[in-house]
Amino acid sequence: MQGNAACAEGALAAGCRFFGGYPITPSTEIAEAMARKLPKAGGVFISMEDELASIAAVIGAAWTGVRAMTATSGPGFSLMMENIGYAAMTETPCVIVNIQRGGPSTGQPTRAAQGDMLQCRFGSHGDYSIIAVTPNSVQEMFDLTAKAFDLADRFRVPTFVMSDEIVGHMRERVTIPDAVEAERSSPLADGSLPFEAGDNGIPGFAPFGSGRAVHVTGLTHDERGYPDTTDPEAHDRLVRRLVAKVESARREIADYEVVNPDAETVFVTYGPPSRTVEQVMRDRPDDSIGHLRLRVVWPFPEFALQEFSNAKTFLMPELNMGQMVREVQRHVDQPVISIPKIGGELHTPAELVRALGVYR
């Protein structure tokens, strides 16, 4: 099936029962599939007037206790940023799928890119942390979309499926399991305040209609959920917890693949450039090339880089002008070479072989 269709199937299998969205190339097939299938599964599909309304509807639906998602691309993703910050502040579990395309502005609606990776992490204002997965195949569109719902619920945080036009529109064989295990948010314990966190920094969840009175606000708030906007200590305590509940669990959240850990030249990839690297390595099966493939990019698993103890050079092909390469450069002493490509076409094996010849 098509990647976007697999994304919809993964969401349905994970128990998604609300989709609020606005059609935008190259993500529209996800909305089309959800419009057909959600009502049959007892869910609700609603086409909103724009992306601002879409993410607002998703947040509202999530607070009724259902698994909720939306799907968009670059221009729509930009419009969602304010309410993504609201979801982070209110600890709303929801899933946002971004089938990336060339930008900025309207850019290339039908061509692939990975230009929204930093926007995903830092696009809304203030300090917060999120989780983002990056599939490189149609199978992973299914698997990682389903996983995104578990991560969103477990950590009470907006979680992103950062895909692109290549994976969204390619067609491959997919194995769909009979059932997908779901890891839900912990319920709010009796006697606990709505935003009172345990040792893991994550409060229990009391959705609307569950019998608990919960005040939800994007303002700085105390453990009751009531605004507390002038106390520096209250703001410091809240925001540090919002960040720490994700960042302190980065080893649990991490999902990556290590190939040839003894290699001196190591590719670091996420999404479809990893497929070109895999082809290069099949063509040169001499263990001289290593590969770190990230399936989760945020929180960034810097410890994965240390698995290449003999690395002398890291090479990072991305479908942008160099975004995640900066994160790798922060965490290693060796040279990190960006291999950027924009315009909508994937790196070819020949291009990466030429880079190997220059930088090895």
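Looking at an unreviewed UniProt entry, the chain carries the name 2-oxoacid:acceptor oxidoreductase subunit alpha, with the source organism given as Methanoculleus nereidis.

Engineer: Looking at this structure, I do not really get the packing of aromatic side chains. What am I missing?
Structural biologist: In total, this model carries 6 aromatic pairs according to the counting rule given. Taking 5.8 Å as the distance between ring centres and 90° as the angle between the ring planes, the aromatic pair formed by Phe77 and Phe160 counts as edge-to-face. With Phe77 in helix α4 (residues 74-90) and Phe160 in strand β7 (residues 158-164), this pair connects stretches of sequence that are 83 residues apart. Overall, the relative accessible area of 0% leaves Phe77 in the buried class. Connected via pairs of aromatic rings, a cluster forms that spans Trp63, Phe205 and Phe208. Between Arg121 and the ring centre of Trp298, over which it is positioned, the NZ or CZ distance is 5.9 Å.

Engineer: How do you make sense of helix α2 (residues 28-37) when you look at a structure like this?
Structural biologist: Structurally, the α-helix is built with 3.6 residues per turn, so residues lying three or four positions apart point the same way. Taken together, the buried positions of α2 are occupied by Thr28, Ile30, Ala31, Ala33 and Met34. Looking at the buried side of α2, the elements it contacts are α1 (3-13), β1 (16-21), β2 (44-47), β3 (67-72) and β4 (94-102).

Engineer: Sorry if this is basic, but what is going on with the sheet that holds strand β9 (residues 265-270) here?
Structural biologist: Within a sheet, each strand pairs with its neighbour through backbone hydrogen bonds, oriented either parallel or antiparallel. Read from one edge of the open sheet, 5 strands run β8-β10-β9-β12-β13, paired in mixed fashion. Looking at strand neighbours, the two that pair on one side only are β8 (256-259) and β13 (336-340), the edges of this open sheet. Here the strands of the sheet are splayed against their neighbours by 20° on average, with no regard to which way each runs. The pairing of β9 with strand β10 (residues 289-294) spans 6 bridges and is classified as parallel.

Engineer: How should the pattern of salt bridges be read in this particular structure?
Structural biologist: Where side chains of opposite charge bring their charged atoms close, a pairing between them can arise. Going through the model one piece at a time under the given rule, you end up with 24 salt bridges. For Arg295, the salt bridge goes to Asp255, with nearest N and O atoms at 2.8 Å. Taken as a pair, Arg295 in the loop between β10 and β11 (296-298) and Asp255 in the loop between α9 (250-253) and β8 lie far apart in primary sequence, 40 residues in all. For Asp255, a relative accessible area of 15% gives the class buried. Residues joined by salt bridges that share partners form a network here, namely Glu140, Lys147, Asp255, Glu257, Glu278, Arg293 and Arg295.

Engineer: Honestly, unusual backbone geometry in this entry has me stumped. Any pointers?
Structural biologist: Working note: non-glycine residues mostly have negative phi, and peptide bonds are mostly trans. The omega angle of the peptide bond from Thr25 to Pro26 is 5°, so this bond is cis rather than trans. Relative to the helices and strands, Pro26 is located in the loop between β1 and α2. A cis amide bond links Trp298 to the next residue, Pro299, at an omega of 0°. Tracing the sequence through the fold places Pro299 in the loop between β11 and β12 (313-318). Phi at Asn260 takes a positive value of approximately 55°, unusual for a residue other than glycine.

What counts, and where the lines are drawn
Residues numbered from 1 in each chain as written. Predicted model: local features only at pLDDT ≥ 70, side-chain atom pairs only at ≥ 80, totals over all residues. Heavy atoms only, no water. Phe/Tyr/Trp six-rings, centres within 6.5 Å; stacked < 30°, edge-to-face > 60°. Helix = DSSP H or I, 4+ residues; strand = E, 2+ residues; numbered from the N terminus. Buried < 20%, exposed > 50% of the residue type's maximum accessible area, 1.4 Å probe, protein only. Lys NZ or Arg CZ within 6 Å of the ring centre and 35° of its normal. Contact = heavy atoms within 4.5 Å. Pairing = 2+ DSSP bridges. Axes fitted to C-alpha atoms, helices over the stretch in contact; angles between N-to-C directions. Salt bridge = Lys/Arg side-chain N within 4 Å of Asp/Glu carboxyl O.

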